[in-house]
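Chain residues, written in single-letter form:
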Amino acid sequence: ETILQLNSEQTREIYDVRYQESGVLIAGCTSESGLQETVHRGFCAFYDAEGNRVWRSAVAGEEGVKASVVRILDDQSGWILYGRYGVENFSQMEDRGIRFRAQETSGNHTFLIRIDAQGQVTKQVTYAETSPYLVSQSMSSENGILLRDYTARSVGADRYQVEILRLDSQLEEIHCKTIPIWGDRAFYCAPWAENAKDGIWVYYGEAVRFYEN
């Protein structure tokens, strides 16, 4: 049974939804005509309980950049949006006398954007050189936002490095911990259930360890 149908024009994908008494917030990426190619912008939009759009905001992306909002985090005065973006590169190529234009998307970067109840951006943090992932178990801005980045100096390296970042609801870094991992092993982390401020549980190498903040 359909209880609410939205007219989400220029929407390519919707990745996350948040419901509340006054309406529903959706987030994802647009599909619109740019100067050269189709532009994908990260966006969010709020609809009232009757399905009428209250506001819509493009929060990330521009010509030559593909961006998407993939997660919505609840915040006391609005929401925090977690997303990813890549920069498009174009090159001229020729094959059997036929010239064509090749398109590649380089980089897999991360952004966090704080918006108020009217959809206005109040803070933005971008990670362009590294690409930390949002830890899915840590979705409470009250206890901090948990990110992790899993990197190595080269493919197949013996030693990997996991950097764990914790941000507060203002997107300010409040804690950072680096954990060396020997070998390319599965790695999972989650906040301590009783109090996320105290530390994190980490699983790797077939063992579970607790790291204090």
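Since the structure is predicted, the reported quantities are computational estimates derived from the model, not experimental observations. (Residues numbered from 1 in each chain as written. Predicted model: local features only at pLDDT ≥ 70, side-chain atom pairs only at ≥ 80, totals over all residues. Heavy atoms only, no water.)

1. Thoughts on the environment of Arg114
Tracing the sequence through the fold places Arg114 in strand β9 (residues 98–116). As a C-alpha pair, Arg114 and Val59 span 55 residues in sequence and 9.8 Å in three-dimensional space. Not counting the four nearest positions on each side in its chain, Arg114 is found in contact with Asp75, Ser77, Trp79, Ile80, Gln120, Val121, Thr122, Lys123, Ser169, Gln170 and Leu171. A distance of 3.1 Å separates a polar atom in the side chain of Arg114 from a polar atom in the side chain of Asp75. (Helix = DSSP H or I, 4+ residues; strand = E, 2+ residues; numbered from the N terminus. Contact = heavy atoms within 4.5 Å. Polar contact = N/O pair within 3.5 Å; in protein donor to acceptor, adjacent residues only side chain to side chain.)

2. So, the pattern of salt bridges
Scanning the entire structure with this criterion turns up four salt bridges. Across the pair Asp16 and Arg18 runs a salt bridge, and its minimum N-O distance is 3.5 Å. A salt bridge links Arg114 to Asp75; the nearest nitrogen and oxygen atoms lie 3.1 Å apart. Of this pair, Arg114 sits in strand β9 while Asp75 sits in strand β7 (residues 65–75); the two residues are 39 residues apart in sequence, bridging distant segments of the chain. One exposure class covers both Arg114 and Asp75, and it is buried. (Salt bridge = Lys/Arg side-chain N within 4 Å of Asp/Glu carboxyl O. Buried < 20%, exposed > 50% of the residue type's maximum accessible area, 1.4 Å probe, protein only.)

3. Notes on the nonpolar core
By size, the foremost hydrophobic cluster in this structure holds 17 residues, and its most contacted members are Cys44, Val59, Leu81 and Ile115. For this core, the secondary-structure elements that each account for two or more residues are β2 (23–30), β5 (42–48), β6 (53–60), β7, β8 (78–95) and β9. If one sorts the elements of this core by residue count, β7 sits on top with four residues. Ignoring any residue separated from it by four or fewer positions in sequence, one finds Val59 in contact with Gly42, Phe43, Cys44, Val69, Leu81, Ile113, Ile115, Val121 and Gln124. (Core = buried A, V, L, I, M, F, W, Y, C linked by side-chain atoms within 4.5 Å.)

4. Observations concerning the sheet that holds strand β12 (residues 145–151)
Across the sheet, which stays open at both edges, the four strands sit in the order β11-β12-β13-β14 with antiparallel pairing between neighbours. What marks the edges here is a single partner per strand, and that holds for β11 (133–134) and β14 (173–182). Across nine bridges, the pairing between strand β13 (residues 159–167) and β14 is antiparallel. Pairing of Tyr160 across the sheet is with Ile181, part of β14. (Pairing = 2+ DSSP bridges.)

5. Section: the sheet that holds strand β1 (residues 11–20)
Judged by pairing direction, the sheet is antiparallel, and its four strands sit side by side in the order β1-β2-β5-β6 without closing on themselves. Every interior strand has two partners, whereas the edge strands, β1 and β6, have only one. Neighbouring strand axes in the sheet, compared pairwise and without regard to direction, differ in orientation by 20° on average. Bridge count between β2 and β5: seven bridges; the pairing is antiparallel. Looking at the pairing, Ile26 lines up with Ala45 of β5. (Axes fitted to C-alpha atoms, helices over the stretch in contact; angles between N-to-C directions.)

6. A closer look at the packing of aromatic side chains
Describing an aromatic ring pair means giving the distance of the ring centres and the angle of the ring planes. Counted according to the given criterion, the structure contains four aromatic pairs. Between Phe46 and Trp55 the ring centres are 6.2 Å apart and the planes differ by 15°, which places this aromatic pair in the stacked class. Geometrically, the ring pair formed by Trp55 and Trp79 is tilted, given 6.5 Å between the ring centres and 50° between the ring planes. Pair noted here: Trp55 is in strand β6 and Trp79 is in strand β8, with a separation of 24 residues, a long-range link. For Trp79, a relative accessible area of 5% puts it in the buried group. A connected cluster of aromatic rings, assembled from ring pairs, spans Phe46, Trp55 and Trp79. (Phe/Tyr/Trp six-rings, centres within 6.5 Å; stacked < 30°, edge-to-face > 60°.)

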